[in-house]
Amino acid sequence: MSSVTQETSTARRPVYGLIAEFDNTGDLMRAAEKVRDAGYIWWDCCTPFPVHGLDKAMGVKRTILPVLVFGAGATGTAAAFALQTFTNSFSFSTWALVKVTGYPYLISGKPMMSLPAFIPVIFEVTVLFSALSCVGLMFLFNGLPRLYHPLLQNNRFRRATNDRFFVVIEARDPKFLRGTTEAFLRTLGASAVEAVED
Amino acid sequence: MSHAPQVDFSSKNTQLGPASLVLRNAAVGIGVVCLGAGVYLGKSGAFNTDARSFWKMYLVAFLFGLTICLGGLFFLIIQFLTRAGWSVAVRRPAEALASNLKWIWLLFIPVLWMFFNGTAATLFPWADLATLEANDPGIAHVVGKKVAFLNANFFLVRAVVYFAAWAMLAWFFTNNSSRQDQDGAMHRTLSMQKWSGPAAIIFALTTTFAAVDWIMSLSPAWFSTMFGVYFFTGCVTGGYASLALITVRLTRLGLLKGIVSGEHLQDLGKLLFAFGMVFWAYIGFSQYMLIWYANLPEETGWFLTRQVGGWLPVTLMLLFGHFIIPFVGMISRWPKRYGISLAAASVWMLCFHWIDLYWLVMPEIPNDIGTFATYGDLVAKYGTQPNGLENPLNYILTAGVACLVTAGSIAYLQGRSLVPTRDPRLHESLSFENV
């Protein structure tokens, strides 16, 4: 087991990408605009806190998540309505070739189909569907959960959670050329540029 | 980084132009003429208006103006309570709305005067228990138990307390904010933050009891514990809609360039969406469902009245116009960010806020509402009741109050910069962005 560890640490590993370190958000914003304009696709910015306006500087498109969540919410509305309509109905006679019957209860003389009584359930299920789909799709779009990331091996990168700002350009980017990209990052005013192994 | 760019705080960008003076004077003129004509026509029974309908129409018009101003005051209180930074750039218009609370009690004097010339029972049936006893002993019995609260003297004292509290709060927030433009004193912000908590409590209590006094007691046997909150949702609907409308109007005049951005409009839109549409529907439905479910005769009459005859279309109009249509229309991001769509939504919500007040105040619960064997019998008797929306007196009186509130707001904005230039959080507001 120890020999395996040794072997991997001495072997030349492929490069994941290049990181450029910045001291402040202003430098980072200017750098992000230039990386964006240079046409890179597989790159990201890592900051200790949300930086307003960074999305614009990076040219990040707006997410379609809200549209999908609206769809999920509408599905929840319809599902809750259908559920209550079905369970309060006497029979949905031949559905799926079997006789299916709901559980009609007469409550304080109200009609079986009492929309006011359905609304709290419709509301709750709409919220449930929206919230779960929102969190679930957010994880999906972000590729989470992700248990390993090459950047977490880098010592310099640790300060991304504290007081440094990073631009990361990945090696899989079609425009990525180790020498050219490194020189390009240095022109952006980075305080350090470093390669990260995969 | 969002470096706040060089912002133009010169009077060209942050002061109303001379044309506003003309507009203000015209608004005062039209307002006074409308109110005068409305009162004259109403008193002389024009458009087949009886005394009770007239006073109710007047009350709707007054409440329309009052709720808008209370909404402005609530906005101020909540911004200081949460120490919000984003809202500083749009705070002055809210101050302008709230500043009307210093004089709006004048418009309520005619209603209070009814208690002195003995005609109060025209509007508030509980004011004359003897007549109520003769007309409807059942109701009179219930109302008789409420005499400790519903009596003329206590009613008048409460009204004075509400107006004094609102005027005082409005004065406190507008005065401190205006003076900070001159002296830039930090202690003003700290003091407004410190007192915003008690102010919120005072606001909540006074609006709740005012709603009970001035609207709920119109049908004195009926009660709903949710009613104060429902009235409050109306206040924020009117207040936020007006605030958004004024802000958009100012930017359309070419003012506040580089100060108010789409980000601020989006947040005003969010507040209008959250409070005016969603919260209103939430509270309205909560009130309805509890009464519908419990099905107690003393409670259901209020809603039954509103779902037969001419009131059914008004109720449905509220459901769709105050909630469903604007909810779907305003749910996404972009309608909140553009002046034209936000202004359209604001005007829409102001119209439906008025209809909401009309729906609260105008319907009369028939004495025999609890005596019908079936719903069909009720519809047979009251299915043709008119809702009176076609009476032009409604619109004359409301236009009068609305013009006076507009004039008061313009007058406030004329006296100072359109943005609190020396507020310590102004830079935060200028560089604010929705994530």
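Keep in mind the model is a prediction, meaning the values are calculated, not measured.

S.K.: Looking at this model, I keep getting lost on the overall build of chain A. Mind explaining?
M.R.: What chain A contains, in helices and strands, is 6 helices and 6 strands. The N-to-C order of helical and strand elements in chain A reads α-β-α-β-α-α-β-β-α-β-α-β. Considering chain A as a whole, with its 198 residues, one finds that 34% of them fall into the buried category. For chain A, the exposed area adds up to about 12700 Å²; of that, 64% sits on carbon and sulfur atoms.

S.K.: Any chance you could explain the overall build of chain B here in plain terms?
M.R.: Check the secondary structure of chain B and you find 18 helices and 0 strands. What you see for chain B is a C-alpha radius of gyration of 22 Å, in line with the 22 Å of a compact globule of 435 residues. Along the first, second and third principal axes, the C-alpha set of chain B runs to 70 × 45 × 40 Å. Among the 435 residues that make up chain B, the fraction classed as buried is 55%. In chain B, 83% of the contacts between residues at least 6 apart in sequence involve partners at least 24 apart. Working note: accessible area of chain B is about 17900 Å², and carbon and sulfur atoms make up 69% of it. Positive and negative side-chain charges in chain B, numbering 27 and 21 respectively, have mean positions lying 11 Å apart.

S.K.: Before we go on, may I ask you to explain the sheet that holds strand E6 (residues 192-197) of chain A in this structure?
M.R.: Strands in a sheet are paired, the pairing made by backbone hydrogen bonds, and the direction either parallel or antiparallel. Residue and element names in this part refer to chain A. Ordered in space as E2-E5-E1-E6, the 4 strands form an open sheet in which the pairing is antiparallel. One side of each edge strand has no neighbouring strand; the edge strands of this open sheet are strand E2 (43-46) and E6. Taken over all neighbouring pairs, the strand axes of this sheet differ in orientation by 20° on average, direction set aside. Strand direction decides the pairing type here: strand E1 (residues 15-22) and strand E5 (residues 165-170), joined by 6 bridges, are antiparallel. Across the sheet, residue Phe-22 finds its bridge partner in E5, namely Phe-165. Here helix H6 (residues 178-187) sits on the sheet and contacts E1, E5 and E6; the angle it forms with E1, its principal contact strand, is near 10°.

S.K.: How do you make sense of the confidence of the model for chain B when you look at a structure like this?
M.R.: Should pLDDT be low for a region, the predicted coordinates there are not to be read in detail. Residues and elements named next belong to chain B. Averaged over all residues, the pLDDT of chain B is 92; the fraction at 70 or higher stands at 99%. When mean pLDDT is compared element by element in chain B, helix H15 (residues 339-361) scores highest at 96, while helix H1 (residues 11-14) scores lowest at 84. Two summary scores accompany this predicted model of the complex, namely pTM at 0.89 and ipTM at 0.80.

S.K.: Hey, could you run me through the confidence of the model for chain A in this one?
M.R.: Residues and elements named next belong to chain A. When pLDDT is averaged along chain A, the result is 84; 87% of the residues meet or exceed 70. Looking at the elements of chain A, mean pLDDT is at its lowest for helix H1 (residues 2-10), recorded as 45, and at its highest for helix H5 (residues 115-141), recorded as 94. The low-confidence segment residues 1-10, where pLDDT is below 50, has 1 contact with residues more than four positions distant or belonging to other chains.

S.K.: Looking at this structure, how should I read the pairing of E1(A)?
M.R.: Within a regular strand, side chains alternate between the sheet's two faces. Residue and element names in this part refer to chain A. Burial within E1 is extensive, with 7 of its 8 residues counted as buried. Bridging between E1 and E6 involves 6 bridges; their strand directions are antiparallel. Paired with Gly-17 across the strands is Val-196, a residue of E6.

S.K.: I would appreciate a short explanation of the interface of chain A and chain B in the present structure.
M.R.: Interface size is commonly expressed as the accessible area that is lost once the parts come together. If you look at the interface, chain A gives 15 residues, while chain B gives 13 residues. For the chain A and chain B pair, buried surface summed over both sides reaches about 1400 Å², with 69% attributable to carbon and sulfur atoms. Among the residues chain A hides against chain B, the three largest losses belong to A:His52, A:Lys110 and A:Pro116. Together they make up 39% of the total. At the surface where chain A touches chain B, the tally comes to 0 salt bridges. Taken together, the connections running from chain A to chain B amount to 2 residue pairs in polar contact (both at pLDDT 80 or more). Listing elements by their share of the side of chain A that touches chain B, those giving two or more residues are helix H2 (25-37) and H5 of chain A. Per element, the largest residue contribution to the side of chain A that touches chain B is 5 residues, and it comes from H5(A). For the side of chain A that touches chain B, the class distribution of residues is 8 nonpolar, 5 polar and 2 charged.

S.K.: Quick question: what am I supposed to make of a nonpolar patch on the surface here?
M.R.: All names here are of chain B. Residues Leu-312, Leu-316, Leu-319, Phe-320, Ile-324, Ile-325, Val-328 and Trp-348 make up a contiguous nonpolar surface patch of about 660 Å² in total accessible area. Per-element tally for the nonpolar patch: the top contributor is helix H13 (residues 311-330), with 7 residues. With respect to the element layout, Ile-324 can be found in helix H13. Classification of Ile-324 as partly exposed rests on a relative accessible area of 30%.

S.K.: Sorry, what's going on with the packing of aromatic side chains here?
M.R.: By convention here, two paired aromatic rings are described through the distance between centres and the angle between planes. All names here are of chain B. Scanning the model with the defined rule gives 54 aromatic pairs over all chains in all. Taken together, a centroid distance of 5.8 Å and an interplanar angle of 40° make the contact between Trp-311 and Tyr-358 tilted. Here the residue Trp-311 occupies a position in helix H13, and Tyr-358 occupies one in helix H15, the gap between them amounting to 47 residues. No difference in accessibility class separates Trp-311 from Tyr-358, as the two residues are buried. The rings of Phe-74, Phe-75, Trp-86, Phe-203, Phe-232, Tyr-240, Phe-275, Phe-279 and Phe-432 are connected pair by pair, giving a single aromatic cluster. Sitting over the face of the ring of Trp-302, Arg-306 holds its NZ or CZ atom 3.6 Å from the ring centroid. If you follow Arg-306 out to its NZ or CZ, it ends over the ring of Trp-359, 5.5 Å from the centre.

S.K.: What should I look at first to understand the side chain of B:Thr174 in this one?
M.R.: Turning to its location among the elements, B:Thr174 is positioned in helix H8 (residues 152-183). Leaving out residues up to four positions away in the same chain, B:Thr174 has contacts with B:Glu95, B:Ser99, B:Lys102 and B:Tyr412.

S.K.: Please explain helix H4 (residues 65-87) of chain A as it appears in this structure.
M.R.: The periodicity of an α-helix, 3.6 residues per turn, causes residues three or four positions apart to be oriented the same way. All names here are of chain A. Here H4 contains 23 residues, and its C-alpha end-to-end distance of 32 Å stays within 8% of the 33 Å for a straight helix at 1.5 Å per residue. What H4 keeps buried is the set Leu-65, Val-69, Ala-72, Gly-73, Gly-76, Ala-80, Gln-84 and Thr-85. At its buried positions, H4 is contacted by H5.

Rules behind the numbers
- As a convention, each chain's residues are numbered from 1 in the sequence order in which they are written.
- Starting at A for chains and at 1 for ligands, labels are handed out in the order in which the entities are written.
- Since the coordinates come from a predicted model, pLDDT governs what is reported: local features require at least 70, and pairs of side-chain atoms require 80 or more to be given and counted, while whole-chain, interface and lining totals use all residues.
- Side-chain metrics in this entry use all non-hydrogen atoms of the structure; hydrogen atoms and water are not considered.
- In this text, helices come from DSSP runs of H or I with a minimum length of four residues, and strands from runs of E with a minimum of two, each type numbered from the N-terminal end.
- Each residue's exposure class comes from its accessible area (1.4 Å probe, protein chains only) as a fraction of the maximum for that residue type: buried when under 20%, exposed when over 50%, partly exposed otherwise.
- To be clear on the numbers: accessible area is Shrake-Rupley with a 1.4 Å probe, and residue cover counts the displayed protein chains and nothing else.
- For the radius of gyration, the atoms used are the C-alpha atoms, and the globule rule reads 2.2 Å times the number of residues raised to 0.38.
- The criterion used for residue contact is that any of the two residues' heavy atoms lie within 4.5 Å.
- All tallies of charge rest on Lys and Arg as positive and Asp and Glu as negative; His and the ends of each chain are not included.
- By convention, the point assigned to a charge is CZ for Arg, NZ for Lys, CD for Glu and CG for Asp.
- Two strands form a pair only when DSSP identifies at least two bridges running between them.
- Working convention: axes come from line fits to C-alpha atoms, limited for helices to the stretch in contact. Angles between N-to-C directions cover 0 to 180 degrees.
- Predictor confidence is given residue by residue as pLDDT, running from a minimum of 0 to a maximum of 100.
- The term buried area means the drop in 1.4 Å probe accessible area that two parts suffer when joined, counted for both and summed.
- The salt bridge definition used is simple: a Lys or Arg side-chain nitrogen within 4 Å of an Asp or Glu carboxyl oxygen.
- Polar contacts, as counted here, are pairs of nitrogen or oxygen atoms within 3.5 Å of one another; within protein the pair requires one atom able to donate a hydrogen and one able to accept it, and residues that are adjacent in sequence qualify only if both atoms are side-chain atoms.
- Under the grouping applied here, Gly and all other residues not named as nonpolar or charged are polar, the nonpolar ones being Ala, Val, Leu, Ile, Met, Phe, Trp, Tyr, Cys and Pro and the charged ones Asp, Glu, Lys and Arg.
- A patch consists of residues exposed above 30% relative accessible area that lack any salt bridge, with like charges linked at up to 9 Å and nonpolar side chains (Val, Leu, Ile, Met, Phe, Trp, Tyr) linked at up to 5 Å.
- Aromatic pairs are defined between Phe, Tyr and Trp rings, using the six-membered ring for Trp, whenever the two ring centres lie within 6.5 Å; interplanar angles under 30 degrees are classed as stacked, those over 60 as edge-to-face, and all others as tilted.
- Placement of a positive charge over a ring is assigned whenever Lys NZ or Arg CZ falls within 6 Å of the ring centre and within 35 degrees of the normal to the ring plane.
- Expected helix span is given by 1.5 Å per residue-to-residue step, counting one fewer step than there are residues.

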